Amino acid sequence: MKLNIAVLPGDGVGPEVTAEAVKVLKAVAMEFDHIFTFQEGLVGAAAINKTGNPLPEETLNICESTDALLFGAIGSPKYDNNPESKVRPEQGLLRLRKSLDLYANIRPVKAYESLTSKSPLKRDVIAGTDIYIYRELTSGIYFGKKQLSNDGNVASDLCQYSRDEIERIAHLAFRAAQTRKRKLTLVDKANVLESSRLWRKVVKELASQYADVTLDFMFIDNAAMQLVLNPKQFDVILTENMFGDIISDEASVIAGSIGLLASGSIGDKYAMFEPIHGAYTNATDKGIANPIASILSAAMLLDHFGLFEEAALVKEGVDKSLSLHITTPDLNTKYDNISTSKVGDFIEDFIKNPEETNLNFTNIHLGQSTII
Ligand code: IPM
Ligand code: MG
């Protein structure tokens, strides 16, 4: 398969982790005879510094002319601590989502067997958790009308949804549930918010088209609690933009590190894949950022194009790296000095030599000299 991929490394650790995902995709292309080409674009603070614009026209053109996007991370403390700033790195990401109409953000959350002890939650509570969060990404309070009174003392953000916006992502979430445990939970605040009541009404109406899926409803405050009390009760969660933003960070605690959570943002025409973590600026260029979320995002990209065997191999490489403790310091209690690029090297080697499945750390030849 020929794929033209836009790479937007962005800010902070974005460039480091994205480089590892590209490394892995290149290994996949080589092993499976695909042709993947990569085109880089500026976004976020990196783009503001060079052009004054968090999403330069040139970047948008690259994105519109490629098959898929691989995104790194966005944000900089320079702007976080300055609420007065008119131009912000996050605007780059939000405009990108909106311009490409990437309305469904899919965030898988899974408890890795080898990492259950890394989570602050009890092993019994999280073991076996496997959730897909479907977060609406191009509407709601993020994109509703924003107002600030002339005297600067009153501000508001409108949370608005239309039936169409709800329907299109709900269909995707129902279909995902059909391929999984056939349970869909709509998370909302329908006891208070009009927009949530519309979500309930529309999703309930669609349910008759998916008779094999059990639909239930949960208020966001309860869902936030249930996620840490009993995460195994969830299969697919469907929710609006901001609730999804918040509970997906919360859910990452189940996996053991936010550095493991990948995401795909899908529209009818374009698709973008990115880790859910932010720019983690303090870690920039230290080689400590976990590249797995970015590598798993690349696996989601492969799945998206039907390259299931390739994606499965990447995921297997990730599982292997986790079980052998070839991980960055956020997860590693066993070995020091395993850097971002060494994790990527290991997974790249695994893709090239998957038959060496009985590896253990003492007989790892794959990039061994660089790992130990
Ligand atoms: C995310 C991030 C973004 C969001 C920020 C960087 C704008 O937190 O992708 O979850 O809020 O959507
Ligand atoms: Mg977020």
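As the structure is a computational prediction, the values presented were derived from the model and not from experiment.

## Considerations on the pairing of strand β11 (residues 262-266)
Step number 1: By the criterion of burial, β11 is predominantly enclosed, with 5 of the 5 residues buried.
Step number 2: Here β11 shows a buried face lined by Ala-262, Gly-264 and Ile-266 and a second buried face lined by Ser-263 and Ser-265.
Step number 3: Bridge count between strand β4 (residues 104-110) and β11: 3 bridges; the pairing is antiparallel. Across the sheet, residue Asn-105 finds its bridge partner in β11, namely Ser-265.

## Topic: the pattern of salt bridges
Step number 1: Applying the stated criterion across every chain yields a total of 20 salt bridges.
Step number 2: Across the salt bridge formed by Lys-315 and Asp-303, the nearest N and O atoms sit 2.9 Å from each other. Residue Lys-315 is located in helix α12 (residues 308-323), and its partner Asp-303 is located in helix α11 (residues 292-304); the two are separated by 12 residues in the primary sequence.
Step number 3: Residue classification places Lys-315 among the partly exposed positions, given a relative accessible area of 35%.
Step number 4: The network of salt bridges with shared partners includes Arg-163, Glu-167, Lys-201 and Glu-205.

## Remarks on the nonpolar core
Step number 1: Membership of the largest hydrophobic core comes to 87 residues, with the highest contact counts inside it found for Phe-36, Phe-174, Leu-184, Val-203, Leu-238 and Leu-260.
Step number 2: Among the elements that take part in this core, α11 stands out by supplying 8 residues, more than any other.
Step number 3: For this core, the domains that each give at least three residues are domain 1 (1-100 + 269-372) and domain 2 (107-257).
Step number 4: The residues contacting Val-203, other than those within four sequence positions of it, are Ile-166, Ala-170, Phe-174, Leu-186, Leu-215 and Leu-238.
Step number 5: Core analysis: the second largest hydrophobic core is formed by 16 residues, Leu-60, Cys-63, Leu-69 and Leu-96 among them.

## A look at the site of ligand 1
Step number 1: Surveying the vicinity of ligand 1 reveals the residues Ile-74, Glu-90, Arg-97, Arg-107, Arg-135, Tyr-142 and Asp-245.
Step number 2: Arg-107 is positioned such that a nitrogen or oxygen atom in its side chain is 3.0 Å from an oxygen atom of ligand 1.
Step number 3: Here an oxygen atom of ligand 1 sits 2.5 Å away from a polar atom, N or O, in the side chain of Tyr-142.
Step number 4: Here ligand 1, which alone exposes 320 Å², has 79% of that area covered by the protein.
Step number 5: Partitioned by chemical class, the residues of the shell around ligand 1 number 2 nonpolar, no polar and 5 charged.

## A word on the packing of helix α1 (residues 14-32) against α12
Step number 1: Axis separation between α1 and α12 bottoms out at 11 Å; the angle between their running directions is 130°. Considered as vectors, α1 and α12 are oriented oblique to each other. At the point where α1 passes α12, the crossing takes the right-handed sense. Here α1 contributes Val-24, Val-28 and Phe-32 to the contact with α12, which in turn contributes Glu-309, Glu-310, Leu-313 and Val-314.
Step number 2: Of the residues in the contact of α1 with α12, the class split is 5 nonpolar, no polar and 2 charged.

## Details of the packing of aromatic side chains
Step number 1: Scanning the entire structure with this criterion turns up 2 aromatic pairs.
Step number 2: With centroids separated by 5.1 Å and ring planes inclined at 80°, the aromatic side chains of Tyr-161 and Trp-199 adopt a geometry described as edge-to-face. Of this pair, Tyr-161 sits in the loop between β7 (155-157) and α7 (163-178) while Trp-199 sits in helix α8 (residues 194-207), and the two are 38 residues apart along the sequence. Exposure class is identical for Tyr-161 and Trp-199. Each is buried.
Step number 3: Taken together, a centroid distance of 4.6 Å and an interplanar angle of 0° make the contact between Phe-174 and Tyr-210 stacked. Pair noted here: Phe-174 is in helix α7 and Tyr-210 is in the loop between α8 and β9 (214-219), with a separation of 36 residues, a long-range link.
Step number 4: Given a relative accessible area of 6%, Tyr-210 falls into the buried group.
Step number 5: Cation over ring: Lys-98 sits above Phe-143, and NZ or CZ is 4.9 Å from the ring centre.
Step number 6: Its end group placed over the ring of Tyr-142, Arg-135 keeps NZ or CZ at 5.3 Å from the ring centre.

## Notes on the domain arrangement of the protein chain
Step number 1: Domains assigned within the protein chain are domain 1 (1-100 + 269-372) and domain 2 (107-257).
Step number 2: Computed from C-alpha coordinates alone, the two centres of domain 1 and domain 2 are separated by 24 Å.
Step number 3: Interface area for domain 1 against domain 2, summed over the two sides, is near 1300 Å², with a carbon-plus-sulfur share of 65%.
Step number 4: At the surface where domain 1 touches domain 2, the tally comes to 0 salt bridges.
Step number 5: The interface formed by domain 1 and domain 2 includes 2 residue pairs in polar contact (both at pLDDT 80 or more).

## A few points about the side chain of Asn-332
Step number 1: As for its position among the elements, Asn-332 is in the loop between α12 and α13 (340-352).
Step number 2: Asn-332 sits in the buried class, given a relative accessible area of 10%.
Step number 3: Polar side-chain contacts of Asn-332 include one of 2.8 Å to the backbone oxygen of His-325.
Step number 4: Here the side chain of Asn-332 touches Thr-327 through a polar contact of 2.9 Å, landing on its backbone oxygen.
Step number 5: Setting aside anything within four residues of it in sequence, one finds Asn-332 in contact with His-325, Thr-327 and Ile-338.

Parameters and conventions
- Residues numbered from 1 in each chain as written.
- Chains lettered and ligands numbered in written order.
- Predicted model: local features only at pLDDT ≥ 70, side-chain atom pairs only at ≥ 80, totals over all residues.
- Heavy atoms only, no water.
- Buried < 20%, exposed > 50% of the residue type's maximum accessible area, 1.4 Å probe, protein only.
- Helix = DSSP H or I, 4+ residues; strand = E, 2+ residues; numbered from the N terminus.
- Pairing = 2+ DSSP bridges.
- Salt bridge = Lys/Arg side-chain N within 4 Å of Asp/Glu carboxyl O.
- Core = buried A, V, L, I, M, F, W, Y, C linked by side-chain atoms within 4.5 Å.
- Domains from an automatic or database assignment.
- Contact = heavy atoms within 4.5 Å.
- Near = heavy atom within 4 Å.
- Polar contact = N/O pair within 3.5 Å; in protein donor to acceptor, adjacent residues only side chain to side chain.
- Areas by Shrake-Rupley, 256 points an atom, 1.4 Å probe, with all protein chains shown as cover.
- Nonpolar A, V, L, I, M, F, W, Y, C, P; charged D, E, K, R; others polar.
- Axes fitted to C-alpha atoms, helices over the stretch in contact; angles between N-to-C directions.
- Parallel < 35°, antiparallel > 145°, perpendicular 65-115°, else oblique.
- Left-handed = near helix turned anticlockwise from the far one by under 90°.
- Phe/Tyr/Trp six-rings, centres within 6.5 Å; stacked < 30°, edge-to-face > 60°.
- Lys NZ or Arg CZ within 6 Å of the ring centre and 35° of its normal.
- Buried area = accessible area lost by both parts, 1.4 Å probe.

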